Amino acid sequence: MEKEILLDVQHLSVGFESYNAKVEKVFFNAISDLNLTVHKGEIVAIVGSSGSGKSLLAHAVMNILPDNARTGGTMFYKGELLTPERMNRLRGHEIAFIPQSVAFLDPLMQVGEQVVGTLGEKARTLQQKAFEHFGLKQSVAKLYPFQLSGGMARRVLLSTSYVAETEMIIADEPTPGLDLKIAIEALKDFRIQADQGKGVILITHDIDLALHVADKIAIFYDGRVVETADTQTFRGDGQGLKHPYSRALFHALPQNGFNLQRCPKCGATCATWNVDEKGMRCGCGNS
Amino acid sequence: MADIKYDKTGNCGSFGLNRRREILLIILSGVVFLSGVCLWGLLMDPSLYAPDYEARRLAPSLSHLFGTDSLGRDMFYRTVCGLSTSIQIGLLSALISSVIALVLGSMSAVFGGRVDTAVGFMVDLCMGVPHLILLILISIAVGGGAAGVITGVAVTHWPNLTRVIRAEVLQIRSAQYVQIARKLGKSNWHIAAKHIVPHVFPQYLVGLILLFPHAILHEAAITFLGYGLPLDTPAVGVILAESMKHLAAGMWWLAFFPGLALLFMTQLFDIVGDYLKILIDPHSARQ
Amino acid sequence: MAILEVKHVDFRYGSGPWILKDISFSAEEGERVAILGPSGYGKSTLAKVIAGYLQPQGGEVLWEGKPLPPSGFCPIQLIYQHPEKALNPRWKMKDSLEEAGVPSQEVLTEMGIQEKWYERWPNELSGGELQRFCVARVLKPETRLLICDEMTTMLDAINQAHIWNFVLSYAEKHNMTLLAITHNQYLADQVATRVLRIPELNHIQVDRSEL
């Protein structure tokens with residue numbers, strides 16, 4: 001039986017207004033025509049190089065983009081249209097966001113309080129359990145964000161999703177700077193939460209990490225999801241992958257040979273080729 | 001269907017006023033107005049505000065916009081002249097002050113150690129003493145007059161900007177690309193000219209402009225108290241001090257208009273500085 | 001004789017906890033060494049100490065039997081994890097690329113650096129494109145040891161393989177020594193002839209709860 005769709009993103013685009021040297025307003029697209037579906041009980045990893053705009057997808061879903069951003073497209077959550085107003089109601093309750101940076105924590109509030117948030121006393125015991133779970137001393141709850149190391153802050157951020165009774169978790173690069181043991185622990189948690197029927201979006205630049213835990217891998221390139229493939233297809237010889245870019249990515253992994261295709265005409269590696277919906281080819285004119 | 005608005009408000013390439021051009025225009029008109037007042041006062045025929053015993057103690061009218069005083073001097077032209085003097089003195093003292101800040105701030109950041117401690121001590125010392133008292137003391141010590149005012153203001157207004165420049169230089173010196181430049185064999189001279197100065201200069205410029213209103217107000221204040229410019233100069237401080245004697249006689253315009261003009265002008269400097277800050281601050285560049 | 005000798009190096013910031021304690025190893029000319037390990041063991045700090053960005057409190061780093069020259073083009077060059085921090089945001093790409101002279105045509109072509117990028121600003125290019133500039137900038141005959149500190153960690157696998165493949169062939173051709181610092185076992189096995197594990201190298205007590 002096909003699992004129920006939790007979040008459905010259709011034709012999402014995100015662009016920004018900015019100014020050029022001639023003080024003219026210019027517009028550039030960071031995400032264009034992106035489609036993504038997350039089912040209940042599933043971890044979908046969005047994999048792409050850092051700085052390619054993956055985080056913007058999360059920010060667009062959570063409705064926390066900066067003021068100069070313009071978005072287009074449609075989103076559905078549990079089959080109903082996800083309007084910005086509805087998102088604002090769901091954020092932190094049904095949908096939890098684990099941001100990439102400590103900068104998302106309130107600098108003037110003790111981190112324990114931030115984890116509990118508006119969820120009341122019931123959440124406090126959960127917060128204590130979460131801290132214990134992620135190897136944080138209970139005294140950390142009384143600290144302010146600037147007193148935390150990078151890894152501690154990340155574990156505090158992870159605790160926020162642990163406390164809320166969420167149906168969906170969007171985690172943006174949750175593991176860099178974490179001790180390996182804790183990172184694996186955090187990923188196991190995502191697995192447990194997914195097995196309870198929640199949906200998880202894991203945004204990461206680390207494809208090994210994604211392969212480790214995710215059910216599906218969405219290959220993100222240049223503001224689009226090139227292909228969403230079952231994690232299984234990344235095992236073995238990678239022949240199940242549909243898009244040439246995904247296949248190139250597979251073969252470029254150090255554990256899969258570290259190989260790159262070269263253009264038969266000019267010899268340029270496929271890292272320099274152009275990628276579109278259909279495939280990838282070298283810019284020298286040879287297909 | 002689109003639940004998220006997608007309004008492309010960017011007036012790309014047109015001549016319409018976008019936010020950025022608006023800011024540029026405000027800055028430009030502010031600068032033009034201020035330099036206009038400065039030049040007007042400089043080139044003004046002194047007979048315009050010479051005593052005219054036929055027209056004494058006149059209330060504001062069309063022929064005497066700001067009225068006349070007990071000697072029959074036209075208060076409008078006197079005020080313009082006074083503002084011009086203030087701008088010139090403000091310009092000179094702010095410039096000297098900012099150069100002191102630039103030298104001390106850079107030295108503090110570059111040499112560190114004892115030099116840093118010494119500069120920090122001087123900053124604290126200067127900020128710990130009430131500005132006005134220090135200003136009056138220095139002004140008297142130098143022998144009063146314009147030279148006294150300029151020295152006094154210049155010597156007391158550098159601490160804030162020194163701190164800003166020290167922080168900026170420290171930050172850029174530890175930037176990875178500057179450290180790399182050093183390892184690429186680049187000389188200190190190259191690094192200072194190509195990396196550090198272009199980074200610090202905009203901050204310096206804003207600091208300099210934001211110094212003007214302080215310098216001008218302090219010049220007016222000590223002149224008003226009688227420790228500043230001589231009584232025969234057309235200065236706002238002198239005008240205000242004289243007007244005190246006549247306020248009880250109902251000649252409200254003697255203090256009202258010059259005071260208002262002084263306030264307006266210092267505000268204008270503040271606005272120009274603040275908008276310039278917005279313009280060069282990369283974080284606000286996109287708004 | 002080893003061209004690089006790291007002898008009993010200790011390091012800490014100010015009077016903070018020791019980050020490096022009694023680290024010793026050496027590398028032969030043309031050798032490719034990987035330092036492998038999870039975060040929190042001072043890998044990046046070690047890279048900066050070897051490259052001369054930081055001075056160790058104890059022990060020494062010797063290059064051809066001598067300390068590193070304090071000025072001039074350093075024979076040891078370091079590539080960082082975040083290329084966007086290694087480029088002046090106020091400089092066009094061409095200026096950054098040519099800060100230490102124009103790279104050879106071979107490097108530019110093989111790196112896939114396009115001339116249309118020259119007039120762009122760093123924030124207009126992707127991380128993979130920026131890192132190519134950072135690598136091309138230091139691939140010169142004067143560079144004898146290249147330290148790659150998580151050079152491709154933030155990049156996709158294709159850009160990773162692209163940059164590494166070229167760096168490896170360049171190192172081979174010019175007998176340049178390589179020191180790869182990474183957390184990725186597979187990558188270490190691919191690029192290095194010898195793998196050192198930092199937890200065995202660095203004799204510090206790591207408090208895992210404070211990481």
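Residues numbered from 1 in each chain as written. Chains lettered and ligands numbered in written order. Predicted model: local features only at pLDDT ≥ 70, side-chain atom pairs only at ≥ 80, totals over all residues. Heavy atoms only, no water.

### Considerations on the overall build of chain A
Next, step 1: Assigned secondary structure in chain A consists of eight helices and twelve strands.
Next, step 2: The principal-axis extent of the C-alpha atoms belonging to chain A is close to 65 × 50 × 45 Å.
Next, step 3: Looking at the 287 residues of chain A, the share that counts as buried comes to 56%.
Next, step 4: Contacts in chain A between residues at least 24 apart in sequence constitute 63% of all its contacts with a sequence separation of at least 6. (Helix = DSSP H or I, 4+ residues; strand = E, 2+ residues; numbered from the N terminus. Buried < 20%, exposed > 50% of the residue type's maximum accessible area, 1.4 Å probe, protein only. Contact = heavy atoms within 4.5 Å.)

### Concerning the packing of helix α9 (residues 236-247) of chain B against helix α10 (residues 253-280) of chain B
Residue and element names in this part refer to chain B.
Next, step 1: Viewed as axis vectors pointing N to C, α9 and α10 meet at an angle of 155°, and their least axial separation amounts to 8 Å. By the angle class used here, α9 and α10 are roughly antiparallel. Like other packed secondary-structure pairs, α9 and α10 cross with a definite hand, here left-handed. Across from V236, I239, L240, S243, H246 and L247 in α9, the residues of α10 making contact are L254, A255, P258, G259 and L262.
Next, step 2: Looking at the contact of α9 with α10 residue by residue, the class counts come to eight nonpolar, three polar and no charged. (Axes fitted to C-alpha atoms, helices over the stretch in contact; angles between N-to-C directions. Parallel < 35°, antiparallel > 145°, perpendicular 65-115°, else oblique. Left-handed = near helix turned anticlockwise from the far one by under 90°. Nonpolar A, V, L, I, M, F, W, Y, C, P; charged D, E, K, R; others polar.)

### What to know about the pattern of salt bridges
Next, step 1: A full pass over the atoms with the stated rule returns 25 salt bridges over all chains.
Next, step 2: A salt bridge links R124 of chain A to E113 of chain A; the shortest N-O distance between them is 3.3 Å. With R124 of chain A in helix α4 (residues 121-133) and E113 of chain A in helix α3 (residues 111-116), this pair connects stretches of sequence that are eleven residues apart.
Next, step 3: R124 of chain A gets classed as partly exposed once you look at its relative accessible area, which sits at 24%.
Next, step 4: Accessibility expressed as a relative area gives 31% for E113 of chain A, which makes it partly exposed.
Next, step 5: Between D69 of chain B and R73 of chain B there is a salt bridge whose closest N-O contact spans 3.1 Å.
Next, step 6: When its relative accessible area of 16% is taken as the criterion, R73 of chain B is described as buried.
Next, step 7: Connected via shared salt-bridge partners are D69, R73, R78 and E242 of chain B. (Salt bridge = Lys/Arg side-chain N within 4 Å of Asp/Glu carboxyl O.)

### Notes on the confidence of the model for chain B
Residues and elements named next belong to chain B.
Next, step 1: Looking at chain B as a whole, the pLDDT averages 84, with 92% of positions reaching at least 70.
Next, step 2: By mean pLDDT, the top-scoring element of chain B is helix α7 (residues 176-183) (94), and the lowest-scoring one is α9 (85).
Next, step 3: Confidence over residues 1-15 falls short of pLDDT 50; this stretch has 37 contacts with residues more than four positions distant or in other chains.
Next, step 4: Reported for the predicted complex are a pTM of 0.82 and an ipTM of 0.91. (pLDDT = per-residue confidence, 0-100.)

### Remarks on the layout of surface pockets
Residue and element names in this part refer to chain A.
Next, step 1: Approximately 590 Å³ is the volume found for the second largest pocket.
Next, step 2: Taken together, 23 residues form the lining of the second largest pocket, with R91, G92, F97, Q114 and T160 sitting closest to its centre.
Next, step 3: Of all the secondary-structure elements, those providing two or more residues to the lining of the second largest pocket are β6 (95-98), α3 and α5 (150-163).
Next, step 4: When residues in the lining of the second largest pocket are grouped by element, the largest group, four residues, is from α3. (1 Å grid on protein atoms, 1.4 Å probe; cavity = no way out; pocket = protein on both sides within 12 Å on 5 of 7 lines; lining within 4 Å. Points joined across faces, edges and corners; volume = space filled by probe spheres on them.)

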